[in-house]
Amino acid sequence: AMTRYGPGFVAAFHELLRSHLNVKLNRSYRSVRWKDLLPHWNWDRGFTPIPIQNSAQELAWAMRRNPDLRVMVASGYFDLATTPAAAFDQIESGGIPAERVTFKEYPSGHMVYLGGTEQAFAEDLRQFLQAGR
């Protein structure tokens, strides 16, 4: 999927840097290049003092340490990578305090900030951030 939308993002980013920010790069900007990234990725979870099995448990650990930490989960109905049901399951099974989690779902795919749902997502995100003040 990244081959479909990646070039547009990279082109827009180059234009933003060049025209609006007057930044000159000596080399071209590249979006995520999985073939370069994955062989060097460190999969160890060595930064938490307890045995952690997944990122939801790490988030629950962080939320226990910081009582002000809140989470907003934004999911697209048509996301085949991280479905809304999977997000609900991770929050529930990870021991994350449900009262500090906001769930928002959109009629979109993986990127809820594209395809006609960007305004609703932006407004929901603004409300979430402002509620934490």
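Residues numbered from 1 in each chain as written. Predicted model: local features only at pLDDT ≥ 70, side-chain atom pairs only at ≥ 80, totals over all residues. Heavy atoms only, no water.

*Asks:* Honestly, the overall build of the chain in this entry has me stumped. Any pointers?
*Replies:* Secondary structure summary: the chain contains 5 helices and 2 strands in total. Starting at the N terminus, the α and β elements of the chain follow one another as α-α-α-β-α-β-α. Along the longest, intermediate and shortest principal axes, the C-alpha atoms of the chain span 45 × 35 × 30 Å. The long-range fraction of contacts in the chain, counting pairs at least 24 apart against all pairs at least 6 apart in sequence, stands at 58%. Per element, the accessible surface of the chain, about 10,100 Å² overall, is 56% carbon and sulfur. Between the mean site of the 15 positive side-chain charges and the mean site of the 13 negative ones, the chain shows a separation of 10 Å. (Helix = DSSP H or I, 4+ residues; strand = E, 2+ residues; numbered from the N terminus. Contact = heavy atoms within 4.5 Å. Areas by Shrake-Rupley, 256 points an atom, 1.4 Å probe, with all protein chains shown as cover. Lys, Arg positive; Asp, Glu negative; His and termini not counted. Charge placed at Lys NZ, Arg CZ, Asp CG, Glu CD.)

*Asks:* Looking at this structure, I do not really get a nonpolar patch on the surface. What am I missing?
*Replies:* Together, Phe 13, Leu 16, Leu 21, Val 23, Leu 25 and Tyr 29 make up a nonpolar patch on the protein surface, roughly 490 Å² of accessible area in all. Of note, Phe 13 is situated in helix 1 (residues 2-20). (Patch = residues over 30% accessible without salt bridge, like charges linked within 9 Å, V, L, I, M, F, W, Y side chains within 5 Å. Salt bridge = Lys/Arg side-chain N within 4 Å of Asp/Glu carboxyl O.)

*Asks:* What should I look at first to understand unusual backbone geometry in this one?
*Replies:* Glycine aside, residues mostly have negative phi angles, and peptide bonds mostly take the trans form. Not every positive phi belongs to a glycine, and Asn 22 is a case in point at roughly 55 degrees. Here Asn 22 shows up in the loop between helix 1 and helix 2 (34-37).

*Asks:* Got a minute to help me understand the packing of aromatic side chains in this structure?
*Replies:* The way to describe two aromatic rings as a pair is by their centre distance and the angle between their planes. Counted under the stated rule, the structure contains 3 aromatic pairs. On the numbers, 6.2 Å between centres and 85 degrees between planes, the contact of Tyr 77 with Phe 78 is edge-to-face. Over the ring of Phe 128 we find Arg 70; its NZ or CZ atom is 4.1 Å from the centre of that ring. (Phe/Tyr/Trp six-rings, centres within 6.5 Å; stacked < 30°, edge-to-face > 60°. Lys NZ or Arg CZ within 6 Å of the ring centre and 35° of its normal.)

*Asks:* Sorry, what's going on with the pattern of salt bridges here?
*Replies:* Proximity of charged atoms lets side chains of opposite charge pair with each other. For the structure shown, the criterion picks out 2 salt bridges. A salt bridge links Arg 18 to Glu 15; the nearest nitrogen and oxygen atoms lie 2.6 Å apart. Here Arg 18 and its partner Glu 15 are both found in helix 1, 3 residues apart, which amounts to about one turn of the helix. What makes Glu 15 partly exposed here is its relative accessible area of 35%. (Buried < 20%, exposed > 50% of the residue type's maximum accessible area, 1.4 Å probe, protein only.)

*Asks:* Please clarify how the confidence of the model for the chain should be interpreted in this entry.
*Replies:* Caution applies to low-pLDDT regions: their predicted coordinates should not be interpreted in detail. When pLDDT is averaged along the chain, the result is 85, and 91% of the positions lie at 70 or above. Of all secondary-structure elements in the chain, the lowest mean pLDDT belongs to helix 2, at 74, while strand 2 (residues 101-106) reaches the highest, 96. (pLDDT = per-residue confidence, 0-100.)

*Asks:* Would you take a moment to explain helix 5 (residues 118-131) for this structure?
*Replies:* Along an α-helix, residues three or four apart share an orientation, since each turn contains 3.6 residues. Counted at 1.5 Å a residue, the expected span for helix 5 with its 14 residues is 20 Å, and the 20 Å between its end C-alpha atoms agrees. Taken together, the buried positions of helix 5 are Phe 121, Asp 124 and Phe 128. One face of helix 5 carries all of its buried residues, which in axial projection span an arc of 70 degrees. The exposed set on the far side of helix 5, more than 90 degrees from its buried face, consists of Gln 119 and Leu 129. Taken together, the buried residues of helix 5 touch strand 1 (71-76) and strand 2. (Expected span 1.5 Å × (residues − 1). Arc of directions from axis to C-beta.)

*Asks:* Can you help me understand the pairing of strand 2 in this one?
*Replies:* Walk down a regular strand and you will see the side chains alternate between the two sheet faces. Here strand 1 pairs with strand 2 via 6 bridges, running parallel. If you follow Ala 74 over to strand 2, its bridge partner there is Lys 104. Between the parallel elements strand 1 and strand 2, the chain passes through helix 4 (residues 84-93) in a crossover that is right-handed. (Pairing = 2+ DSSP bridges. Right-handed = clockwise from strand over helix to strand, strands pointing away.)

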